[in-house]
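# Analysis of the macromolecular model
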Amino acid sequence: MDLALTHRSWAYENGRGATNERLEFLGDSILGAIVTEHIFRCYPDRSEGQLAKVRAAVVSGHCLAQVARDLTIGSVLKLGRGEIATHGEAKDSILADALEAVVGAVHLTGGFLASAAFVHHIFDPIIVDAMDLGAGLDWKSSLQELTSSLNAGTPDYSCEVSGPDHERIFSAEVRVRGELLGSGVATSKRGAEQKAAEVAYETLMRTSIE
């Protein structure tokens, strides 16, 4: 498990060749397989497209990073001085990779039964919530589907970033046919765009009904 928590920045600074990247590669595949089989078996009434959206949301970097935060993985990561200085323990990409590496380590240690039990314990509640989200599962995809159905073209996003590296704030706007329909602010570009898309989606739904 120690290797699963070893970021390449720490390994390079300390003259070690081994990092958590190979375990991350394994864990990514194991996690995807377990989640895919679970939603396939448990939700026979959902279409392939719906299942694909749920899987993509559950194993997304954003979701994995949040799970890693809940498990306080960031506090035990081995990071190099550069990553420590820029708060690498809080970065979505590093946290998501570490969680996948932990899944890989559990699999190598205990086999498929152990990794499946670990994944189900953590992700089954997340899957249930994702199934109930509907359009909110991925506001950007839902907005694009809505604009397509209304023959309104493709949503156009713009995003600005401010603040220091460890406290960056992203402000996003989305326009449809040149008209500003939504804006959002978050600590990641994806989050800001999702919030903007949510506002635009709800705006378009109201105007299309009226």
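Residues numbered from 1 in each chain as written. Predicted model: local features only at pLDDT ≥ 70, side-chain atom pairs only at ≥ 80, totals over all residues. Heavy atoms only, no water.

## Some points on the pattern of salt bridges
Under the counting rule described, the total for this entry stands at 10 salt bridges. Across the salt bridge formed by glutamate 13 and arginine 81, the nearest N and O atoms sit 3.6 Å from each other. Remark: arginine 81 occurs in helix α5 (residues 81-85) and glutamate 13 occurs in helix α1 (residues 8-13); sequence separation between them is 68 residues. Look at arginine 81 and you get exposed, because its relative accessible area is 65%. The salt bridge involving aspartate 92 is made with arginine 69; its shortest N-O contact spans 2.5 Å. With aspartate 92 in helix α6 (residues 92-133) and arginine 69 in helix α4 (residues 61-70), this pair connects stretches of sequence that are 23 residues apart. You can call aspartate 92 partly exposed: its relative accessible area is 26%. (Salt bridge = Lys/Arg side-chain N within 4 Å of Asp/Glu carboxyl O. Helix = DSSP H or I, 4+ residues; strand = E, 2+ residues; numbered from the N terminus. Buried < 20%, exposed > 50% of the residue type's maximum accessible area, 1.4 Å probe, protein only.)

## As for unusual backbone geometry
Although it is not a glycine, histidine 87 adopts a positive phi angle of roughly 60 degrees. Tracing the backbone through its elements, the reader meets histidine 87 in the loop between α5 and α6. Classification of histidine 87 by relative accessible area gives partly exposed; the value is 33%. At asparagine 151, a position not held by glycine, the phi torsion is positive, near 55 degrees. Its location among the elements puts asparagine 151 in the loop between α7 (139-149) and β1 (156-162). With a relative accessible area of 60%, asparagine 151 lands in the exposed category.

## Notes on the sheet that holds strand β3 (residues 179-186)
Here three strands make up an open sheet; going across it, the order is β1-β2-β3 and the pairing antiparallel. Each edge of the open sheet carries a strand with a single partner, namely β1 and β3. Adjacent strand axes in the sheet meet at a mean angle of 15 degrees when their direction is disregarded. Inspection of the sheet shows β1 paired to strand β2 (residues 169-176) by seven bridges, in the antiparallel sense. The residue of β2 that forms the bridge with tyrosine 157 is valine 174. (Pairing = 2+ DSSP bridges. Axes fitted to C-alpha atoms, helices over the stretch in contact; angles between N-to-C directions.)

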